[in-house]
Amino acid sequence: MAPERPDVPHLNVEDLLDSPERTGAVISPDGSKVAFLAPWRDRLNVWIQDLDGEGDARCVTADSRRSVLRYHWTDDPRWLLYEQDADGDENYHLHRVDLDRSDTDAVDLTPFPGARVAGLDLPPARPGRAVLNLNHRDPAVFDLCELDVATGELTVLAQNSGGSSALVCASDGTMYGHGLTEDGDIELSRWDADSGTMRRVATFPGSDHPLHLHPFQLTPDGTGAWAGSYRDSEHSRVVRVDLENGEETEVDSHPGLDIDPRAAVFPTLPAPLILDRRTGDLIGVRYLGERAVIRPLTPHFADVLDHLRHLSDGDVAALSSDRDGQRWVVSFTHDRDPGVTHFYDHTTGDSRVLFRPYPRLDPAALAPMTPVTVPARDGLALPSYLTLPLGREPAGLPMVLQVHGGPWHRDSWGFDPTAQLLANRGYAVLQVNYRGSTGYGKSFLKAGIGQLAGAMHDDLVDAVGWAVEQGFADPARVAVFGGSYGGYAALVGISFTPGLFAAAVDFCGPSNLVTLLRNTPDLVKPYLTNNWHLYAGDPADPEQAADLWARSPLSKVADIRTPLLVVQGANDARVLRSESDQIVETLRGRGIDVEYMVKDDEGHAFVNPENNIDMYRTADRFLARHLQGGEPG
């Protein structure tokens, strides 16, 4: 359906879901160049350009199979590092690019089949070295390794005995690890080289929050660590943990907001701790409410931040500076001007726009995302976002309830291509941070314990009721659309409350919580205690397994009568393809038509643009057929 107003253009799926022209810019340590991601052979690759505009940009990586999304400048201007997996299997390898030569291929520095790199760090105190966690020796555990970037020599600093989820190395060479105890508490330990074991430094209550001790960053002097803590606090705050005695000292906090939790789920998003590039000192902290908030911790960064905020009415997002903290590249979160990226020189005060990732998108053609609060039936306030179509009376609209994944994640203000596509088609789009979402305090999160397909689903039902009562939505034309946990929520919606939704789109959502948890990769299973096992259940316990089954859409598949589109990546390591296969096969066995799309070169989230475009074209047609009685305009 096309917009009613002729001055509101119809946006193609490609306009919103194709690769950006440029994105992900980071300034070089010397401030002379900028790296960014841009298409090469229809895949995002790393490009380099002189920051002062002299000479053309040149592509320095050459992956024609899968887009590169993570890259890192090193302290040596000759070398650039990037991480890449194979068709979405999440086994990221670390590759090195020689920026001085264009006639050499990238080198895989971790060429171990089935292994993955995690926790990559390029500490200022260890020039020429990369410190990383790598599970090349045993797939179930990550050893701490040091890599000589120039030679590629890999040294194992400490073998993980299995008690730590991650190991880190201080500037003096002392190694630390943090992991879960059998009771689910988080234990911070010091590596004892003589005994080859970890000795406990401090214990943190793991049941407080799955993200307790996130973020975690060693201080430059190696005597402490900055960490996110919920101890004796409703909201997370930054503390300094003394690595000798475990004592916590508050560094910074916000009276009503949590530390921005999103990078814990999506590591390509800006880190919550902002560090000085030269010294590694903490200069700022990101918090997140309706909008993002950055609190500066040094006078210099406060002055820089004040100037940056004048460049856009969006929220400061990715930040990078030269070693002196004078030349900056900054991108902004914005609902209608996505990712606009600026250069700012603090010495001269000069600034300019470097690029807009989607120059083909007119901000005036995009719909504002508005924060709203939805009341749950038990009185809990649910922070939400509403996107209404331009050029339409906001009354009696078809609506899509867009459910975020996790569930330990959250929706936030900014450009959402799914919401924009749906709004452009004339749908109201409601995104609800249901109980159990992160970023709203400890109590809000814990309200989700034991509530999968219970109060967490009731929150979504109440959100639909709220939109109908407000007059925005037509109750007969509401669909649910979600990925990962959001896909599970979509399946719960049509199985536990049949008749509520007119259509559903499930993107890589689990259909059976028992098989989901039993099939979790071995390297993840030891760390389920204070998240999935606490909030949902442990399938090793027969009583809890029965409850998990009772909360699974597959257990109520006989009640499903809603039109359903299922989308799955064949290489998904988190939600196996079997989760989608079993519900599709069961429904088809009952004679119910289910649209099913499987992409053989994707994992848990689609990366290749043609796959995203195909998925959203299909979803566009599917929703138009079932909510508007026709094809999209």
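My aim in this report is to walk through the structure given alongside it, one point at a time. Note that the structure is a prediction, hence the values are computed from the model and not measured. (Residues numbered from 1 in each chain as written. Predicted model: local features only at pLDDT ≥ 70, side-chain atom pairs only at ≥ 80, totals over all residues. Heavy atoms only, no water.)

Considerations on unusual backbone geometry
For step 1, the next point in the chain: Pro215 follows His214 through a cis peptide bond whose omega is 0°.
For step 2, the next point in the chain: With respect to the helices, strands and loops of the structure, Pro215 is situated in the loop between strand S16 (197-204) and strand S17 (216-218).
For step 3, the next point in the chain: Residue Gly406 is joined to Pro407 through a cis peptide bond whose omega torsion reads 5°.
For step 4, the next point in the chain: Assignment of secondary structure puts Pro407 in the loop between strand S31 (397-403) and helix H3 (417-424).
For step 5, the next point in the chain: For Asp232, which is not a glycine, the phi torsion comes out positive at approximately 55°.
For step 6, the next point in the chain: Looking at the element boundaries, Asp232 is found in the loop between strand S18 (224-229) and strand S19 (237-242).
For step 7, the next point in the chain: The class for Asp232 is exposed, based on a relative accessible area of 77%.
For step 8, the next point in the chain: For Ser484, which is not glycine, the phi dihedral falls at a positive 65°.
For step 9, the next point in the chain: If you trace the backbone, Ser484 turns up in the loop between strand S33 (473-483) and helix H6 (485-496). (Helix = DSSP H or I, 4+ residues; strand = E, 2+ residues; numbered from the N terminus. Buried < 20%, exposed > 50% of the residue type's maximum accessible area, 1.4 Å probe, protein only.)

Here's the deal with empty space enclosed by the protein
For step 1, the next point in the chain: What the rule picks out here adds up to five cavities of 30 Å³ or more.
For step 2, the next point in the chain: Considering only enclosed or pocket space, the largest cavity measures out at about 70 Å³ in volume.
For step 3, the next point in the chain: Lining the largest cavity we find 13 residues, and of these Val8, Pro389, Leu390, Ala423 and Asn424 sit closest to its centre. (1 Å grid on protein atoms, 1.4 Å probe; cavity = no way out; pocket = protein on both sides within 12 Å on 5 of 7 lines; lining within 4 Å. Points joined across faces, edges and corners; volume = space filled by probe spheres on them.)

A look at the layout of surface pockets
For step 1, the next point in the chain: As a volume, the second largest pocket reaches approximately 300 Å³.
For step 2, the next point in the chain: Every residue lining the second largest pocket is counted, 18 residues in all, and those nearest its centre are Cys59, Val60, Thr61, Ala62 and Thr104.
For step 3, the next point in the chain: Mapped by element, the contributors of at least two residues to the lining of the second largest pocket are strand S4 (58-59), strand S6 (79-84) and strand S7 (93-98).
For step 4, the next point in the chain: The leading source of residues in the lining of the second largest pocket is S7, at three residues.
For step 5, the next point in the chain: Classifying every residue of the lining of the second largest pocket gives eight nonpolar, five polar and five charged. (Nonpolar A, V, L, I, M, F, W, Y, C, P; charged D, E, K, R; others polar.)

Re the nonpolar core
For step 1, the next point in the chain: Counting 57 residues, the largest nonpolar core has Met399, Leu401, Leu430, Leu452, Trp532, Leu564 and Ile583 as its most contacted members.
For step 2, the next point in the chain: Look past the residues within four positions of Leu452 in its chain and what remains in contact with it is Tyr485, Tyr488, Leu513, Trp532, Tyr535, Ala536 and Arg551.
For step 3, the next point in the chain: In terms of nonpolar packing, the next biggest core, distinct from the first, is built from 32 residues, Ala419, Tyr427, Val505 and Leu623 among them. (Core = buried A, V, L, I, M, F, W, Y, C linked by side-chain atoms within 4.5 Å. Contact = heavy atoms within 4.5 Å.)

Considerations on the sheet that holds strand S27 (residues 341-345)
For step 1, the next point in the chain: Judged by pairing direction, the sheet is antiparallel, and its four strands sit side by side in the order S25-S26-S27-S28 without closing on themselves. Each edge of the open sheet carries a strand with a single partner, namely strand S25 (315-321) and strand S28 (351-355). The sheet shows a mean angle of 30° between the axes of neighbouring strands, direction not considered.
For step 2, the next point in the chain: The sheet contact formed by S25 and strand S26 (residues 327-333) spans five bridges and is antiparallel. When the bridges of S26 are listed, Asp315 appears paired with Thr333.
For step 3, the next point in the chain: In this fold helix H2 (residues 299-308) packs onto S25, S26 and S27, with an angle of close to 50° to the strand it touches most, S26. (Pairing = 2+ DSSP bridges. Axes fitted to C-alpha atoms, helices over the stretch in contact; angles between N-to-C directions.)

Remarks on the environment of Gly224
For step 1, the next point in the chain: Here Gly224 is to be found in strand S18.
For step 2, the next point in the chain: With a relative accessible area of 0%, Gly224 lands in the buried category.
For step 3, the next point in the chain: Once residues within four sequence positions are removed from consideration, Gly224 is found in contact with Leu218, Thr219, Arg240, Val241 and Leu243.

Digging into the environment of Asn611
For step 1, the next point in the chain: If you trace the backbone, Asn611 turns up in helix H11 (residues 609-627).
For step 2, the next point in the chain: Judged by relative accessible area, which is 5%, Asn611 ranks as buried.
For step 3, the next point in the chain: Taking the C-alpha atoms as reference points, Asn611 and Asp30, separated by 581 residues in sequence, lie 38 Å from one another.
For step 4, the next point in the chain: Other than its neighbours up to four places away in sequence, Asn611 contacts Lys599, Asp601, Glu602 and Phe606.

Here we look at helix H10 (residues 577-589)
For step 1, the next point in the chain: Counted at 1.5 Å a residue, the expected span for H10 with its 13 residues is 18 Å, and the 18 Å between its end C-alpha atoms agrees.
For step 2, the next point in the chain: Within H10, the full set of buried residues consists of Glu579, Ser580, Asp581, Gln582, Ile583, Val584 and Leu587.
For step 3, the next point in the chain: Against the buried residues of H10 lie H6, helix H7 (513-518), strand S35 (564-569) and strand S36 (594-599).
For step 4, the next point in the chain: At the exit of H10 stands Gly591, carrying a positive phi of roughly 80°. (Expected span 1.5 Å × (residues − 1).)

Structural notes on the environment of Gly589
For step 1, the next point in the chain: Position of Gly589 relative to the elements: it lies in helix H10.
For step 2, the next point in the chain: For Gly589, a relative accessible area of 67% translates into the label exposed.
For step 3, the next point in the chain: Linking Gly589 and Gly256, residues 333 residues apart in sequence, is a C-alpha distance of 51 Å.

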